[in-house]
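Survey of secondary and tertiary structure
Chain residues, written in single-letter form:
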Amino acid sequence: MKYRYTVSELRRMESCPYLSDRERKVFRLYYKRGWQIEDIAAEMYVSRGTVKNILHSIRSKAPSE
């Protein structure tokens, strides 16, 4: 399932101070550059499931209004 976010929601997620460097890298590749999960996994030498878990972590850390 692909999540759809507005520009303001993406900015809020990106500016979250609790994201790790790894989460920021996945955020940039997935949401800003539009890479597929499989491509990110290959780039970072991790499994597809790891990337999905990182994306879930990003969404859970993002402040909600």
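For the structure, see preceding data.
Position labels on residues start from 1 in each chain and follow its written sequence. Side-chain atom pairs in this predicted model are given and counted only at pLDDT of 80 or more, local residue features only at pLDDT of at least 70, and totals for whole chains, interfaces and linings cover all residues. Based on all heavy atoms of the structure, the side-chain values leave hydrogens and waters out of the count.

A side-chain nitrogen of Lys or Arg and a carboxyl oxygen of Asp or Glu constitute a salt bridge if their distance falls within 4 Å. For the coordinates displayed, the defined rule picks out three salt bridges. Across the pair Glu 14 and Lys 32 runs a salt bridge whose closest N-O atoms are separated by 2.8 Å. Highlighted residues: Glu 14 in helix α1 (residues 7-14) and Lys 32 in helix α2 (residues 21-32), separated in sequence by 18 residues. One salt bridge connects Lys 61 with Glu 23, and the closest N-O pair in it is separated by 3.0 Å. Remark: Glu 23 occurs in helix α2 and Lys 61 occurs in helix α4 (residues 48-61); sequence separation between them is 38 residues. Secondary structure is summarised from DSSP: a helix means a run of H or I of at least four residues, a strand means a run of E of at least two, and numbering begins at the N terminus for each.

Stacked, edge-to-face and tilted are the three classes for Phe, Tyr and Trp ring pairs, Trp counted by its six-membered ring, which pair at centre distances within 6.5 Å; planes under 30 degrees apart are stacked, over 60 edge-to-face, the rest tilted. In the structure shown here, the tally under the stated rule is three aromatic pairs. With a centroid separation of 5.1 Å and 45° between ring planes, the pair formed by Phe 27 and Tyr 31 is classed as tilted. In this pair, Phe 27 and Tyr 31 are both assigned in helix α2, four residues apart and thus about one turn of the helix distant. Under the scheme applied here, a residue whose accessible area is under 20% of the maximum for its type counts as buried, over 50% as exposed, and between as partly exposed, the area being computed with a 1.4 Å probe on protein chains only. Taking the relative accessible area as the measure of exposure, Tyr 31 reaches 18% and is therefore buried. Among the aromatic residues, those joined into a ring-pair cluster are Tyr 5, Phe 27, Tyr 30 and Tyr 31.

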